Amino acid sequence: MGLDNSITKPYVRTEMVPQKAPPPGTVGPRKWLWDNVFASMLNFTTVGNAITSILMIVLTFGVIFLAWWVAAVLLKFGWQDAIFTGTDGSYCRPEDNKGKVPIGQNIGACWPFITHRFGQFMNGFYPEPERWRIYLTYIIGAPLIAGLLIPSIPRKGLNSILLFVAYPIIATILLSGGNMEIAGSTYIFWAVVFAAILITLFAVEKLTDSKGLFAAGGKVVIAVAIAMFAILFLLDFDFGLEFVETSRWGGLMLTLVIGLVGIVVSLPLGIILALGRRSQMPVVRLASTIFIEVWRGVPLITVLFMSSVMLPLFFAEGVSFDKLIRALIVVALFSSAYMAEVVRGGLQAIPKGQYEGAQALGLSFWQTTNLITMPQALKLVIPGIVNTFIGLFKDTTLVSIIGLYDFLGIQEAALQDTAWLAPTNQMTGFLFMAAVYFMFCFSMSRYSLYTERRLHTGHER
Amino acid sequence: MAKATKKTAKAAPKAPEGKKPKSMSKPRAAGADDLTVISGIGPKIHGQLNEMGIFHYDQIADWKKPECDFVNGGLRFKGRIEREEWIKQAKALARKAAPKKTAAKKAAAPKKAAAPKKAAAKKPAAAKKSVSTKAKSTVVKTAKTSTAQTAMASAATSAAATTEASTSVPKATANGSSSQSSKLKVSDEVAIELNNMNKWYGDFHVLRDINLTVYKGERIVICGPSGSGKSTLIRCINRLEEHQKGQIVVDGIELTNDLKKIDEIRREVGMCFQHFNLFPHLTVLENCTLAPIWVRKETKEKAETTAMKFLEKVKIPEQANKYPGQLSGGQQQRVAIARSLCMEPRIMLFDEPTSALDPEMIKEVLDVMVDLAETGMTMLVVTHEMGFARKVANRVIFMDEGQVIEQNAPDEFFDNPQSDRTKLFLSQILH
């Protein structure tokens, strides 16, 4: 204060300058509007700036007009000209629309088509009296999924076990009806497999003098065997539910089944493949690389076709796989190849120091992976993971080419209904489908953003 | 390496001839305590060994002719003997020699410059011995309780007991801890042993014939130009890098490809890195408890108690629930030190712990390291903080082109470097 602040003279500051508020007009909504909207449009100082400004004005108003135009068309179609009530297709046909719309005028969306067919869009050809089973599956699943996704809900471990182990079994039994008539030979087959594993463990322990291998490994094998037989038994058990074969599943329920199974399987499988591709062991690395490259190199449609046309070549006559199971396996493996590359990208970004820090503390490879590198890598690639999830969810529409009626495919079936023939049915249907797909995909995207923010720990690399 | 050490070693005995008589009376960080036990042999050997900064018996037996002869004369062995045996015999000799003051004086006679000072201190030999042992016990206690008061008390005792300390160490008195560090216990228990260790990166020979024995409680500073292999050397000790030839024995365990042994060694050896390598997705407390919980299988409560204890030691308990990204560099490095200490290692390796820090933060990290040294931790520090080396180290090793060029006690190393390469290096860094 009072001292000459120029650097031409010796100078000692005696008082620190206190922090002050920024001058008016540099913060707040007005400033934002100026910076983001008007600043680029109202600069006429030079010829170049003037041209840019005019271009910006044209672009801005052009975009505003385009947005308004799209909204107006959609509103006219979906609201203004739309038919909201009706008991059959005649309400949506201009020629005999029961006098509601003058002949010759445009007919908008035919919403009764959607409401009438809503059950089918949701559940496919699932028999109507049994649909409560689907709804029950949703009711059981919703809190489990919510419990996993909402961070503040405790007991994530138990929740995960319920969701990833118990729930799939319950859902399978509820949706299919269980009572799968599993042959006695299947039980014997698995019993032999587990016995063989146990004997191998025992032999390895004796031969290589690695103490405790049989005791430790045996426990795991027996636990897996018990779980396996319990699952087989549950699937075989007659709960008195009507059996609904998978060809009658369809609609949003089928899309959700394929999408969720794909998501739940592809992430862990992708992680394993990514680790495999980075492994020091040549065989593991080669196998992972081949798997990833083969699946990435073939279009999903081709694989789906091959699964229905070529699979019989590999099996004895009479052996047939369920269409849905084939689609599930294909979708899961297909997206796991993509997932593997996404996860590998995340692992590449982890600095070497993280591995060294963990090693220096004495953590093992798996501890380092589980506790240090993988959590960080996954956090880094959340956008990529969710990208793959969304892609996978939308790719489920491709299963319609092997004759499964997913959410999009079911519309084709609905359009065949002669009682509901109307010119705008298809458009209405697509609008509805698009809205539903968008809802799911957009919520995934928002959730991923939320997770990214939540996991941000202020560490910039 | 052997050559280089020999060179330094040969140079050392010349010094007493009058070139640097003053340094004789300096209390050496290097094993001063260790030798006090056998100081009764007489001021000559005490002084000479002190002069050389020697606590390492191999060097005496292998390379130092006059000392070898002197000891040979007194003890019953030829050529090499085991260190334990040497100390045992030396102690026995000391017991015999102690009462004969005249013999001691006679032995000390050649060093005239030092004699008067020494005589004053040495006359009541028995008294001195008792004081020094008392001081030693205080130090041990200090290491345990680590309270400032006892530390000061021990510093006072040591100052009183060894008059040399206060008079002839002008450089290190700034922080007053030179006298303390010189009293730190350096045992004769081997912590790390490298025998003819070699390492290649592909065709590039990074480490060549490294021979190094580190005793428990030693604080060794390793310096050298970049690319000289100093980081690689300490990274080999906990197997972050693999060596291809030779032998590394840490805490009695030889490093091989055996994963179990590697894990065992990593549990004993803590390490701090230039870039901290904290885990950014975990809080400071979680960083500290992770390894105790997963590697040592401690309960969460116990691990957290230990972690808080060490976070208090590095003076940042209030940051426990923050993420590393929210801390300053100096704080992060202190967390990294605490994290290593939570595994209760016996040896700590520091790989340029301050070179990524802002100038204002270096001191807080060095202070923590000095505190750590005072607890008697075996430390290997790669650093260019020469003030730290003088204050804390009892040996400085200079490396270049993957070899040990020179090793010496810090004062000797800095004031009287022997090799031309060392001189050049020191002139480059001490502007």
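Residues numbered from 1 in each chain as written. Chains lettered and ligands numbered in written order. Predicted model: local features only at pLDDT ≥ 70, side-chain atom pairs only at ≥ 80, totals over all residues. Heavy atoms only, no water.

Residue and element names in this part refer to chain B. Reading across the sheet, the four strands line up as 2-1-4-5 and stay open at both edges, with antiparallel pairing between neighbours. Unpaired on one side and paired on the other, strand 2 (204-215) and strand 5 (253-254) mark the two borders of the sheet. With eight bridges joining them, strand 1 (residues 190-201) and strand 2 adopt antiparallel strand pairing. Residue leucine 194 lies in a different strand from strand 2, and its bridge partner there is leucine 212. Its contacts with the sheet place helix 14 (residues 230-237) against strand 1, strand 2 and strand 4 (245-250), and it is angled at close to 120 degrees to strand 1. (Pairing = 2+ DSSP bridges. Helix = DSSP H or I, 4+ residues; strand = E, 2+ residues; numbered from the N terminus. Contact = heavy atoms within 4.5 Å. Axes fitted to C-alpha atoms, helices over the stretch in contact; angles between N-to-C directions.)

It is worth spelling out the packing of helix 16 (residues 284-294) of chain B against helix 18 (residues 329-341) of chain B at this point. All names here are of chain B. Two numbers describe how helix 16 lies on helix 18: the axes approach to 8 Å, and their chain directions differ by 25 degrees. As judged from the angle between their axes, helix 16 and helix 18 are roughly parallel. At the point where helix 16 passes helix 18, the crossing takes the right-handed sense. Contacts between helix 16 and helix 18 pair Val284, Asn287 and Cys288 from the former with Val335, Ala338 and Arg339 from the latter. Among the residues forming the contact of helix 16 with helix 18, the class breakdown is four nonpolar, one polar and one charged. (Parallel < 35°, antiparallel > 145°, perpendicular 65-115°, else oblique. Left-handed = near helix turned anticlockwise from the far one by under 90°. Nonpolar A, V, L, I, M, F, W, Y, C, P; charged D, E, K, R; others polar.)

Partitioning chain A into domains gives domain 1 (1-58) and domain 2 (246-414). Distance between the C-alpha centres of domain 1 of chain A and domain 2 of chain A: 51 Å. (Domains from an automatic or database assignment.)

Listed as interface residues are 25 residues of chain B and, on the opposing side, 20 residues of chain A. Here chain B packs against chain A, burying approximately 2,000 Å² in sum over the two surfaces, 63% of which is carbon and sulfur. In this assembly, chain B and chain A are joined by one salt bridge. Across the salt bridge formed by Glu356(A) and Arg235(B), the nearest N and O atoms sit 2.6 Å from each other. Of all the secondary structure elements, the ones that give two or more residues to the side of chain B that touches chain A are helix 15 (259-268), strand 6 (269-272), helix 16 and helix 18 of chain B. When residues of the side of chain B that touches chain A are assigned to their parent elements, the largest contribution, three residues, is made by helix 16 of chain B. When grouped by side-chain class, the residues that make up the side of chain B that touches chain A number 14 nonpolar, six polar and five charged. (Buried area = accessible area lost by both parts, 1.4 Å probe. Salt bridge = Lys/Arg side-chain N within 4 Å of Asp/Glu carboxyl O.)

All names here are of chain B. Taken together, six strands build an open sheet; the order of strands is 6-7-8-3-9-10 and the sheet is mixed. This sheet does not close on itself; its edge strands, each paired only once, are strand 6 and strand 10 (403-408). Adjacent strand axes in the sheet meet at a mean angle of 20 degrees when their direction is disregarded. Alignment of strand 3 (residues 219-223) against strand 8 (residues 378-382), held across four bridges, turns out to be parallel. Following the sheet pairing, isoleucine 222 is matched in strand 8 by valine 382. Set on the sheet, helix 14 makes contact with strand 3, strand 6, strand 7 (347-351), strand 8 and strand 9 (395-400); between it and strand 7 the angle comes to about 150 degrees. Running at roughly 170 degrees to strand 6, helix 18 makes contact with strand 6 and strand 7 of the sheet.

What follows is about the side chain of Thr246(A). All names here are of chain A. Here threonine 246 shows up in the loop between helix 7 (213-236) and helix 8 (251-277). Residue classification places threonine 246 among the buried residues on the basis of a relative accessible area of 14%. Here the side chain of threonine 246 touches aspartate 322 through a polar contact of 2.7 Å, side chain to side chain. (Buried < 20%, exposed > 50% of the residue type's maximum accessible area, 1.4 Å probe, protein only. Polar contact = N/O pair within 3.5 Å; in protein donor to acceptor, adjacent residues only side chain to side chain.)

Glancing now at the packing of aromatic side chains. Under the counting rule described, the total for this entry stands at 26 aromatic pairs over all chains. Both rings, one in Phe393(A) and one in Tyr437(A), keep their centres 5.9 Å apart while their planes meet at 70 degrees; by these two values the pair is edge-to-face. With Phe393(A) in helix 15 (residues 382-395) and Tyr437(A) in helix 17 (residues 425-455), the pair connects residues that are 44 residues apart, well separated along the chain. Since its relative accessible area comes to 11%, Tyr437(A) is described here as buried. Ring geometry for Phe413(B) and Phe414(B): centres 5.1 Å apart, planes at 85 degrees, overall edge-to-face. Of the two residues, Phe413(B) and Phe414(B), neither departs from the other in class, the shared state being buried. Through a chain of ring-to-ring contacts, three or more aromatic side chains come together here, namely Phe113(A), Phe118(A), Phe121(A), Phe393(A), Phe407(A), Trp420(A), Phe432(A), Tyr437(A) and Phe440(A). (Phe/Tyr/Trp six-rings, centres within 6.5 Å; stacked < 30°, edge-to-face > 60°.)

This part takes up the state of the cysteines. Residues and elements named next belong to chain B. One pass over the structure, following the stated rule, counts one disulfide over all chains. Here cysteine 223 stays unpaired: no disulfide links it, and the sulfur of cysteine 236, its closest cysteine neighbor, is 18 Å away. In this structure cysteine 223 comes out as buried when scored by relative accessible area, which is 0%. (Disulfide = S-S within 2.5 Å.)

Attention now goes to unusual backbone geometry. Positive phi values are uncommon outside glycine, yet Arg155(A) reaches one of about 60 degrees. Take Arg155(A): it is sitting in the loop between helix 4 (132-149) and helix 5 (156-176). Positive phi, normally seen in glycine, also occurs at Asp209(B), with a value near 45 degrees. Here Asp209(B) shows up in strand 2.

Next up on the list: the packing of helix 18 of chain B against helix 19 (residues 359-374) of chain B. Residue and element names in this part refer to chain B. Running from N to C, helix 18 and helix 19 cross one another at 20 degrees; their axes reach a closest spacing of 8 Å. Considering their axes alone, helix 18 and helix 19 lie roughly parallel with respect to each other. Helix 19 is crossed by helix 18, and the crossing has right-handed handedness. Within the contact between the two elements, helix 18 uses Gly329, Gly330, Gln331, Gln333, Arg334, Ile337 and Leu341 and helix 19 uses Met361, Glu364, Val365, Val368, Met369 and Leu372.

A separate point is the pattern of salt bridges. Across all of its chains, the model carries 29 salt bridges over all chains by this definition. Of the charged contacts in the structure, one is a salt bridge between Arg239(B) and Glu242(B), with a shortest N-O distance of 3.9 Å. What makes Arg239(B) buried here is its relative accessible area of 9%. Assessed through its relative accessible area of 41%, Glu242(B) is described here as partly exposed. Between Asp411(B) and Arg390(B) there is a salt bridge, and its shortest N-O distance comes to 3.4 Å. Linking Asp411(B) in helix 21 (residues 410-415) with Arg390(B) in helix 20 (residues 386-392), this pair joins segments that are 21 residues apart in sequence. Its relative accessible area of 22% is what places Arg390(B) among the partly exposed residues. Overlapping salt bridges, with partners in common, bring together Arg277(A), Glu293(A), Arg296(A), Glu341(A) and Arg344(A) in one network.

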